[in-house]
Structures are given as structure tokens and as C-alpha cells.
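# Close look at the chain arrangement
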Amino acid sequence: MDQSVRLGSLTLKNPVITASGTFGYGLEFMRYGDLGSLGGICLKGISLAPRAGNAMPRIAETPCGMLNAIGLQNVGVQAFLKDKLPYIPAGAVLIVNLYAQSAEDFGELAAIFAEQDKIAALEVNISCPNVQEGGVQFGQDPGMAARVTEAVKCRAGNKPVMVKLSPNVTDVTVIARAVENAGADMISLINTLSGMAVDIRTRKSRLANVVGGLSGPAIKPVALRMVYQTARAVSVPVIGMGGITSAEDVLEFILAGAHAVQVGTYNLMRPDNAFRLVDEVRLLTESLGISSWEEFRGSLRV
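Keep in mind that what you see is a predicted model, and the values were worked out from it rather than measured.

### So, the pairing of strand β15 (residues 238-241)
Neither face of β15 is open: one carries Val238 and Gly240, the other Ile239 and Met241, and all of them are buried. One ladder, built from three bridges, connects strand β10 (residues 186-189) with β15; its direction is parallel. Paired with Ile187 across the two strands is Val238, which belongs to β15. Pairing geometry for β15 and strand β16 (residues 260-263), over three bridges, is parallel. Note that in β16 the partner of Ile239 across the bridge is Ala260. Once you follow β15 into helix α7 (residues 247-255) and on to β16, the crossover reads as right-handed.

What follows is the structure in C-alpha cells.
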């Protein structure tokens, strides 16, 4: 079976993408496999200016998952263009994750990356729960989500625009329709669920930020439900993520309506995971007799 996937004007060789924030800038994982073998790489979130991120501790393990409050630490766009992008091998499909504190700054970032031939698409982060400014509030208000989407689309040139949605809303389809109507070419979801962890002996939070983002297998049922709802509510391609660790997980999200998936937390547990999944998904589709993604996608019997 042909494993390639079309996401509007963007074609991936397979549906396995690494999620932003868990795969660095790709360079850190080159020892574990060929970056060009992946469907795509969502780069670590990048802002106009460098960000130091939140205070330590910033990660806490939880049953079947983890909490993080990194705070979008990154080198800033100019350092990324100078010190990171030139060293990412040709052939890797790069999706840059944008973070800003205003619609105008999102647009400025989009304009910068519109000029970069090595960047295949833009992912707009309107859903990070771990920062005090910007972040998740953009993703909780349909009007604000639409304004950010419009600002990026206006300056993205020919780069497809993917908008990453928050699960920390009452009805995710309201936000999904708002960004679709504003011009989003694709929608990715879910980002992390807001959570916290405490230590009864020290009587302190396990995260300096107190609140963090819950990810890993614990959130998969929530993610699957939201992907299913969103895929039925919009006409643009949906990219699903949340707790994916196996080929079976990948196919579950596609069965629910996703065109592709992003693999996140498990990259931190097993650095070769994404490369392994590419082969395992191919073998699983063959064993199940799936003839095409178009035939299988969204074919859940309810």
C-alpha cells in the first residue's frame, strides 16, 4: 500500500510526524534514524526573541504520562535560522511551530519563515498552557483564534498553515470551525491537558510553574474523542496526537478521521520510536489488508 498522505498542497511520504517540543530541532535525533524517512518533523516552538522558559523543576512523571511546564524555551528565530536550520539534512519535511504573544507577532514570524525554502509548512501554537502570556488563551476564544490564523495566513506566502488546538475548552469544534473559516489549511490536536502534581512531604508543587501540560498515554482517549469530533466538523485535514506509542495507536487516530498523526511524549522515552513506527505502520496496514488511506480514514462504524 502507498503510505503517502496529502495534506492539502503538502504531501508526506507517510503519516508519522514528530510533535513539536519533543523532537528538538531534529538534529538531536539524527543518530537514531534518517530524518527524511519520517512523514514530517514539527520543530520545537520558535518565537521572535529567545525565551529562557520557566523555572525548574519543569517536568514531573505521572501514571501513564508526564507533566511539563517548559515555557517554550527556545533560541529565537534569528539564532534558529543561523545555527540550526542549515544543519538539518535536506529531505526532511520541516513544519515550524510558531509561538508569539500577539496576532501581529505571529504574522511577523510567518513572514520570516515564508522566505525559507527548507520549511514546508507552519504550525501555529495557540494552545500552550504553560506560559503566562499568549499561549492557551488564543485557543480558548474563537475570535482570537481566528485573528491569529488570519494574521499568519496573510503573511505565510505559499506555506500551508496548520493551527494547533487546545483540549482545554468546552467544545473544540467551535474553535476548529473558527480557524477553518479564517483560512487554516490544516488543524492539529490535541495539545496537552492542564494539570498539576504536588508533594505531600514537602507540601510543594512538583512543578515550579504549579500548572503544567499533561501528555502521554493517559490522555489518548480524550485526544481520540476530540480528533473524531473535529474531523466530522471541518473539511480541512486533521492531524491527531495524544498518547501515541504504537502502530495500533496511529491507525486508531486515522480510523477516527485523522489524515496523519504527531508522536510526542514517547520520543522522550524511546528516541528511535518515530522511525520504528514508520515501518510498523506499513506492516500493520499490510496485515489488515488496508488498500488505501482514503478507504480506511474515518471509516469507524458507529
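Following the structure, the description resumes.
### Observations regarding the nonpolar core
Counting 85 residues, the largest nonpolar core has Leu98, Phe113, Leu122, Ile126, Val152, Leu165 and Leu189 as the members making the most contacts within it. In terms of residues, this core owes the most to one element, helix α9 (residues 273-288), which gives six residues. With near-sequence residues (within four places) excluded, Phe113 lies in contact with Ile46, Val77, Phe80, Leu81, Val96, Leu98, Ile119, Leu122 and Lys159. Core analysis: the next-biggest nonpolar cluster, separate from the first, contains five residues, Ala60, Ala69, Ala197 and Leu207 among them.

### Describing the packing of aromatic side chains
The geometry of an aromatic ring pair is captured by the separation of the ring centres together with the interplanar angle, meaning the angle of the planes. Taken as a whole and assessed by the stated rule, the structure comprises five aromatic pairs. Ring geometry for Phe23 against Phe29: centres 4.0 Å apart, planes inclined by 15 degrees, an arrangement best described as stacked. An aromatic cluster of at least three residues, connected via ring pairs, comprises Phe23, Phe29, Tyr32 and Phe275.

### Concerning the packing of helix α1 (residues 77-84) against helix α2 (residues 103-114)
As a packed pair, α1 and α2 sit with axes 11 Å apart at the nearest point and diverge in direction by 20 degrees. The pairing of α1 with α2 is recorded here as roughly parallel in orientation. Remark: the crossing between α1 and α2 carries right-handed chirality. Together, Val77, Gln78, Phe80 and Leu81 of α1 and Leu109, Ile112 and Phe113 of α2 make up the contact between the two elements. Tallied by class, residues from the contact of α1 with α2 come to six nonpolar, one polar and no charged.

### Side note on the environment of Val263
Topologically, Val263 is positioned in strand β16. Judged by its relative accessible area of 0%, Val263 falls in the buried class. Taking the C-alpha atoms as reference points, Val263 and Thr18, 245 residues apart in sequence, are found 4.8 Å from one another. Here Val263 is in contact with Val16, Ile17, Thr18, Ala19, Thr22, Ile244, Asn273 and Leu277, once residues within four sequence places are set aside.

### Focus on the packing of α2 against helix α4 (residues 142-155)
Working note: a packed helix pair is described by the angle between its axes plus the distance between those axes. Between α2 and α4, the shortest axis-to-axis distance is 8 Å and the interhelical angle comes to 25 degrees. By the criterion of interaxial angle, the relationship of α2 to α4 is roughly parallel. Of the two elements, α2 crosses α4, and the hand of that crossing is right-handed. Across the interface between the two elements, Ala103, Phe106, Gly107, Glu108, Ala110, Ala111 and Ala114 of α2 pack against Arg147, Val148, Ala151, Val152 and Arg155 of α4.

### Let's talk about unusual backbone geometry
Along the chain, Met56 connects to Pro57 via a cis peptide bond; the corresponding omega equals -5 degrees. Along the polypeptide, Pro57 turns up in the loop between β4 (40-42) and β5 (59-62). The peptide bond linking Leu189 to Ile190 adopts the cis configuration, its omega dihedral lying at 15 degrees. Looking at the secondary structure, you find Ile190 in the loop between β10 and β11 (193-196). Even without being a glycine, Cys64 presents a positive backbone phi close to 60 degrees.

Rules used in this analysis
Residues numbered from 1 in each chain as written. Predicted model: local features only at pLDDT ≥ 70, side-chain atom pairs only at ≥ 80, totals over all residues. Heavy atoms only, no water. Buried < 20%, exposed > 50% of the residue type's maximum accessible area, 1.4 Å probe, protein only. Helix = DSSP H or I, 4+ residues; strand = E, 2+ residues; numbered from the N terminus. Pairing = 2+ DSSP bridges. Right-handed = clockwise from strand over helix to strand, strands pointing away. Core = buried A, V, L, I, M, F, W, Y, C linked by side-chain atoms within 4.5 Å. Contact = heavy atoms within 4.5 Å. Phe/Tyr/Trp six-rings, centres within 6.5 Å; stacked < 30°, edge-to-face > 60°. Axes fitted to C-alpha atoms, helices over the stretch in contact; angles between N-to-C directions. Parallel < 35°, antiparallel > 145°, perpendicular 65-115°, else oblique. Left-handed = near helix turned anticlockwise from the far one by under 90°. Nonpolar A, V, L, I, M, F, W, Y, C, P; charged D, E, K, R; others polar.

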